[in-house]
Structure formats: C-alpha cells, structure tokens
Amino acid sequence: MAPDQPNKHTLHGAARILVVDDEPRLASALSTLLRSCGYDVTEAHGGKQACELADTLRFDLALLDLRMPEVDGFAVMSHLNSRQPECAIIVISGESSFTAVSRALRRGALDYVRKPFDPEELIATVKGVVGKQSLLKAHEDIQVRLEKSEALHRYIVNSSPDIVFMLDAKGHFCFINSKVESLLGYKPAELCGKHFRNILDERDLARGVYALNAPDISADNPRTLEIRLKTRGSRRATRHFEITAFPISPQAWTHNGSTNGGGNGQNASYYGTARDVTERKEAEAFINFQAYHDLLTRLPNRALFKDRLELAITHARRGHQKLAVMFLDLDRFKIINDTLGHAMGDRLLQAVTQRLEGCLRKGDTLSRFGGDEFTLLLPSVHGHEDASQIARKLIKTLKAPFLLGEHEVYVGVSIGIAIYPEAGCSMDQLIQNADIAMYHVKARGKDSYRFYSESMSIDSTHRLLLERDLRMALEKKELRVFYQPQVCARTDQIVGLEALVRWQHPERGLLYPRDFLSLAEETKLIGLLSEQVLDQACRDVGQWIRAGHKDLRLAVNLSPIEVEHPRFVETLIERVNANRFPPANLEIEITENVIMNDLEQISQKLRELANIGVRIAIDDFGTGYSSLNYLHRLPIHTLKVDQSFVKAIRSGVDDACIVNAIIAMAHGLKLEIVAEGVETEKQLDYLRALGCHQVQGFFYGPAQPAAEISKLLTHPKTEMAATASS
C-alpha cells in the first residue's frame, strides 16, 4: 500500500525538510521516501553539516537522529531553535531510554519516531506537522509544541516501565506514577505529600538526601545514582534502583489529571525517574561471589583468602603482632569419595565445613583451598598455644562419624601451622611453610598437627629430589624384590616367602622400605610400586611352585591406601590372573588399623578374596586396636606376632607374657602363627615350646634376592644350616 500523498496545497508549495543522519544510507532512504511524497528534501550527513545548512537555508521541518559523532542531535536542536525557531523538529532515533526521550521533548521536539520506522506512520506524522506549520503563526507554533510535548510526555509517563516522580522544594512527593505500586507495593496516593526518605533504605538515606542538594545539579546535568528502596510491609525487603533527577520550574508541569498516578505535580521543583536494576545488581553480586568464594562450601576461595592474609600481615606488621596460618588436609577423604561417589564426597565436604566453622573465633578466615584442602587464618594470636588450642578443637570436632545416607564414615585432618613472623613474613612463605608442616604430619601418622620449623625445608628439598628419583625408578624398573623365608618351626622347612621391596638407587645404593615407602604413599605412587612388586613376586614364586614346590606360599604386605581403594579386589585379582599365579598360594598381610578404619567395607573385600582361595594374615598383631571382635567375624587365617614382642623373649617368663597370650589365643581360634624378628636360638626354642607354627627373621638370614632363594629351595638343609650358623 503506497503512503498517503500530500495534499494539493502542499504540492504547489512543497514543505522544505531537512533530513539529518550520520549514516548516508539511512539519510538517503528517508529522503527518497519524502521526495516521493512531493516534499523538498535536503540531506545533512551529520550534525555539523546540519548546523551549516541551517545558517544558509530555511526549513519548515527537520528530521533528526540523536546519536551522531562530533555534533549530536541535541546540539542541532539547540542550533535550530536559536536560528530558526519556527522550524518544527521530529526526532527519528534508535535511542529508547527515557532520559533521552524526555530530554528531546524538553528541547522542543514535536514527535519521536523510533527506528526502524514504519513508512506510513512516518509520512502521516510528517503530514500532520507540516499541515499545522502552514496554518500557525509563531505564537501558535509554540503552543502546539507545548501541547504535543505534554501529550507525548503524558503517554510516556503512563506507559513507562520506570517509576516517574516529582518532588516539591522540601523533597515531598507531589506526583508519582502508578508504576510504583507494581514495583514497590505503594499506592501513589499514599506517597503523595510524604518525604521521599520514607521509602529509602536506611543504608542509603544520607546519600539519597545529599544527591538532591548537590550544587551542580541541573536539567542538563541531572543527578544519577543507585540506591535501595524499601518495599511495602518489610523494612528488610529492598530493591535496587537507578535514580535520575533534576530541578524543574513549577510552570513546566501542566497538572493534567489524565496522567496515571497520584498527585498533580503542583509546586514541583524536582523531576525524576527510578529504574529497577535489582536483577542486574543481584547478577553482579553473584558473579562477584563466584569470583571470591567456593560455591560448594560457600567458603572464601584461594583468591579471597590470600587477599585477607595480605591485609592481616600488614596489620600484624604495624602492630608488632603475630598471626597463624593453618593448612588442613582431610585424611581418608579420597577413599570415601572414590567409594561412595562424588555426590557423597561433596556432602561430606559441606558437613566438614560446618563443623570446622563451629570452632572459629570472630575474625578468623576459613577457606577451601582446593579439593579436600582448607586453609585457616588466625589473626592476632599470642603464640603457639593459641594456635595449638584451635588445632586441637579442629581435630576433635572431626573425630565423630559423619552420616552420609546409610553410610557412617570417618575422616581425620592433618594440620600444618606457620606462625608470623617466625615461619615467614610474606603471604606465599606462610602458606607454603604451613603446607610443608602438614606433609610432615601426614608422614608421621596423620590426624595431628605440627608447627613449621626450618629443618622441615631441608627435609622438603630432600623429599622433592627423592620423589623425582622414585618416579624415574618406576619408569626404569629399578625396584628389586627380596624374599624372607617363613620357616616351619618344627621341621625347619621353608613354607612361605614374604616379598619385600628394595630400591637399587643409582647413586645412593640399596634403599630399604623405610627410606621411600611413606613418600610413595604421599605422592600416590604406591599403587604403581605395589603393582611392579606383585608382578615380579608372582613370576618368581610362580616359577618355584611350578618347579615342584607346590605348597610354597607368597606373602605380600599391602599399604592401607591400596586396601582402602574401591577397586582393590578387582586390581589384585587382575594381577594374579595376569601372572597365572594360583590364588591359594597367595597370602596378603594387612594391619589391624586398616581393618578397624572401615570394618564394613574391608570385611566385604576380604570375603571376596577368601572365596577365591587367597589367605588373609594380620601383620604386626597386638600393636593396633585392642578390640579383638573382628577376629571371628573375618576370614583370617594367620596372625603375625610383631617382632617387638619376640625381642622381649629373654631369660624370664614375664618378659614374654604377651607372646604367650597371642599364641594361646591363636590356638583357641584355630589360626596359624608366624613370629617375626626371630634372631636367636633361645627365641626359637621358646616359640617352639609354645607351639608356634612358623618363624621368620635374621636367625635364618636377611631377606635375599631371587637367585639366593633358588639355592635355598634347591638345597634347603645345607643352605638353611649355613645361614643359621652364620
């Protein structure tokens, strides 16, 4: 449908129209449309050119864009008003903010058309303005502009998504539109006559009142600020608003009652809008929270902890005070996480966080540093005792079991502590040294705390070098398997071999387990190490079994980390099958503590192994838990008497009372007995007299490589006699 053609009078005296837009393509398209309707059109590509044309040519109407570089639409409007006050102005712009529209109307625009415009609507608007221009004189033209501006203003106020308000000189509402009810819950009529401070949040009261009293506030320089407004019925329920306000003349408001809202604007001295920006502020707050907090536990993260520690160090330095940094690492968390799943692991971390927070003082900062590691800042401590007291509370609070669904689990915590300034004067030093101290706790049994000392750094350097060498040793197959015979106490025949790992270090020579096994556990290399040892032992002993020693038993000592791993049973069976080793000839040795840490889970694993013929031995019996309830509940075949008890066998009977009790109990439970650490014939005779089944120790020689064991198995009597006599 073609746009309406201008009337005959307009065609004979074509209205002169100035089209102003900094985009030539848009200006050309608009000019073409207007010329097709018979108008005399002049194009200006930007505000600067428009002002120059206004100085030399007369126009009946100007169509302006607002956003233009150098000289914008508002400046062009001001120039036209001063040079050609009779020239009507229509704004055509993509700018839709209320502030921009209101400002354009105040500058004298008769209409406002948003881009992209509808051609028919635009031509109709232009036709109406040009028609009125041809009939009115200068005074009548001004009146029309005011009426048009008022009508548009009224429309904008009534349909605005923002709160529009007017205040008298004292700050009382004299007009507010109906949008206030949907956003804040107040009826416009109940706010009119009240001071605007009544809806300000107390935290922003002073700032809000000061804003309207600023000396530089004006119509061209309105005051804009973000404040919180209270919703009706609750002082705590607040929403965030962006307020724009400026002073006006009381005559600028016509008090037309057709504007929706309360009040008529009489005696208005300020005009303003309030835009709800709550969602944006909440989004910003959430993004800020994400940047500085751990979302699972809601604790400060590593970045925020470092910020607070840096500030605390500054205060401590100025006040000549001390502070403590703790590095906390949960014990047994990885096992629980792998066994029960990550969802349960997350719940456990949340429960741990709640307990830890209950031990803190006001001003302390607990942070989740990553995984199952936490850091704790204790500002203003008097010394080691203050930190020790908190550490003991933290350890104690985690001793009670955690209930995760139907599972009751136990975790402990290893804590390293660094005191400022003895353990470091910088943020990084304190965190690093607390971490070093924590690793020393791990190496010495876990579930305790230690303070950092300088000697630990030397140990840590050695540890790093040893860790590097151990990784290379596993790659280069430098580990060796030695075997210590388990001998029948009655016949002196070899009935079993305990596999013991040695490390043939290229520089330091032969290393024993005490030199590197704890490091292998800490660095999670124990699994690969044990796999290599088990494979070699299965190959060696399997070869001897197939050579005729069909009842020869292989005993392997397993790390708690291996046994607690969720795939322990599957992994062990895979290695045994891969090496074609008969399961009935395998005996695994575990400690009492491993069993008691998680009796339910370990019991199930041991039964699965016993079902395929694997034997179970309790190593270092008598040194762990005193409860013996598990002995008749589990498929246990052998008790190994710890060498510390065997050493007590001297001349008097009293010294060996524990050995007597253990062997008597084993007989009653029909379990086999292996006594470790037998070094003298007197000890051997004593054990034989008690009915001990098997012995092992230096009396029959130290652990030896496979080649030497082959000789023992080939010529047992000669070799064993020679070993015992030496």
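Residues numbered from 1 in each chain as written. Predicted model: local features only at pLDDT ≥ 70, side-chain atom pairs only at ≥ 80, totals over all residues. Heavy atoms only, no water.

(A) Representation of the overall build of the chain within the structure. Helix and strand content of the chain: 28 helices and 27 strands. Across the 726 residues in the chain, those meeting the buried criterion constitute 47%. Of the contacts made within the chain by residues no fewer than 6 positions apart, 65% connect residues no fewer than 24 positions apart. Approximately 35,500 Å² of the chain is accessible, and the part contributed by carbon and sulfur atoms is 51%. (Helix = DSSP H or I, 4+ residues; strand = E, 2+ residues; numbered from the N terminus. Buried < 20%, exposed > 50% of the residue type's maximum accessible area, 1.4 Å probe, protein only. Contact = heavy atoms within 4.5 Å. Areas by Shrake-Rupley, 256 points an atom, 1.4 Å probe, with all protein chains shown as cover.)

(B) How the structure looks around the sheet that holds strand E13 (residues 365-370). Overall, mixed pairing links the 5 strands, which are arranged E13-E14-E12-E17-E18 in an open sheet. Strands at the two margins of the open sheet, each flanked by one partner only, are E13 and strand E18 (449-451). Taken over all neighbouring pairs, the strand axes of this sheet differ in orientation by 20 degrees on average, direction set aside. (Pairing = 2+ DSSP bridges. Axes fitted to C-alpha atoms, helices over the stretch in contact; angles between N-to-C directions.)

(C) Quick look at the nonpolar core. Counting 79 residues, the largest nonpolar core has Tyr-483, Leu-529, Leu-554, Ile-588 and Val-695 as its most contacted members. With 9 residues, the single largest contributor to this core is helix H19 (residues 526-546). Setting aside chain neighbours within four positions, we find Leu-529 in contact with Leu-470, Leu-474, Leu-479, Val-501, Phe-516, Leu-517 and Ala-520. (Core = buried A, V, L, I, M, F, W, Y, C linked by side-chain atoms within 4.5 Å.)

(D) Summary view of the packing of aromatic side chains. A complete count under the given rule lists 8 aromatic pairs for this structure. Ring geometry for Trp-503 and Phe-516: centres 5.6 Å apart, planes at 85 degrees, overall edge-to-face. Of this pair, Trp-503 sits in strand E20 (residues 494-505) while Phe-516 is found in helix H18 (residues 513-522), placing the two residues 13 residues apart along the sequence. Seen in terms of ring centroids, Phe-699 and Tyr-700 are 5.0 Å apart; in terms of plane orientation they differ by 90 degrees. Their pairing is edge-to-face. With respect to burial, Phe-699 and Tyr-700 carry one shared label: buried. In this structure, Arg-103 is placed above the aromatic ring of Phe-74, and the distance from its NZ or CZ to the ring centre is 4.2 Å. The lysine or arginine in question, Arg-355, covers the ring of Phe-402, its NZ or CZ lying 3.6 Å from the ring centre. (Phe/Tyr/Trp six-rings, centres within 6.5 Å; stacked < 30°, edge-to-face > 60°. Lys NZ or Arg CZ within 6 Å of the ring centre and 35° of its normal.)

(E) Fine view of the pattern of salt bridges. Applying the stated criterion to the full structure yields 36 salt bridges. Across the pair Arg-207 and Asp-204 runs a salt bridge, and its minimum N-O distance is 3.6 Å. For Asp-204, a relative accessible area of 3% puts it in the buried group. Here the salt bridges do not stand alone but share partners, grouping Glu-226, Arg-280, Lys-281 and Glu-284 into one network. (Salt bridge = Lys/Arg side-chain N within 4 Å of Asp/Glu carboxyl O.)

(F) Broad picture of helix H14 (residues 342-357). Helix length check: H14 (16 residues) gives 22 Å between terminal C-alpha atoms against 22 Å at 1.5 Å per residue, within 8%. All buried positions along H14 are accounted for by Met-344, Gly-345, Leu-348, Leu-349, Val-352, Thr-353 and Leu-356. (Expected span 1.5 Å × (residues − 1).)

(G) View of unusual backbone geometry. The peptide bond linking Lys-115 to Pro-116 adopts the cis configuration, its omega dihedral lying at -10 degrees. Between Tyr-420 and Pro-421 the backbone carries a cis peptide bond, its omega angle lying at 5 degrees. Tracing the backbone through its elements, the reader meets Pro-421 in the loop between strand E17 (412-420) and helix H16 (427-443). You will see that Glu-70, though not glycine, has its phi angle at about 65 degrees, which is positive.

(H) Focus on the environment of Lys-640. Among the secondary structure elements, Lys-640 is positioned in strand E25 (residues 638-641). Taking relative accessible area as the criterion, Lys-640 reaches 0% and is therefore assigned buried. The spatial distance from the C-alpha of Lys-640 to the C-alpha of Gln-694 is 9.3 Å, given a sequence separation of 54 residues. Setting aside residues no more than four positions away along its own chain, Lys-640 makes contact with Gln-486, Glu-498, Glu-589, Ile-618, Asp-619, Asp-620, Phe-621, Val-674, Glu-676 and Gln-696. Side-chain polar atoms of Lys-640 contact the side chain of Glu-589, separated by 2.8 Å. (Polar contact = N/O pair within 3.5 Å; in protein donor to acceptor, adjacent residues only side chain to side chain.)

(I) View of the environment of Gly-185. Position of Gly-185 among the secondary structure elements: in the loop between helix H8 (179-184) and helix H9 (188-191). Residues Gly-185 and Lys-230, spaced 45 residues apart in sequence, show a C-alpha to C-alpha distance of 9.4 Å. Dropping the residues within four chain positions of it, Gly-185 is found in contact with Val-180, Glu-190 and Arg-232.

(J) Region of the structure containing the sheet that holds strand E5 (residues 111-114). What the 5 strands build is an open sheet, ordered E2-E1-E3-E4-E5; its pairing is parallel. Edge positions in the sheet fall to strand E2 (40-44) and E5, since each of these pairs with one other strand and no more. When strand polarity is set aside, the average angle formed by the axes of neighbouring strands in this sheet is 20 degrees. Seen against the sheet, helix H2 (residues 24-35) touches strand E1 (16-20), E2, strand E3 (61-64) and strand E4 (88-93) and runs at an angle of roughly 175 degrees to E2.

(K) Inspection of the state of the cysteines at higher detail. Applying the stated criterion to the full structure yields 0 disulfides. No disulfide involves Cys-692; its sulfur sits 9.6 Å from the nearest other cysteine sulfur, which is in Cys-488. Residue classification places Cys-692 among the buried residues on the basis of a relative accessible area of 5%. (Disulfide = S-S within 2.5 Å.)

(L) Region of interest: the side chain of His-195. The topology assignment puts His-195 in the loop between H9 and helix H10 (205-212). A polar contact is formed between the side chain of His-195 and the backbone oxygen of Lys-170, at a distance of 3.1 Å. Once residues lying within four places of it in the same chain are set aside, the contact partners of His-195 are Lys-170, Gly-171, His-172 and Phe-173.

Interpretation in functional terms is not warranted from these geometric data alone.
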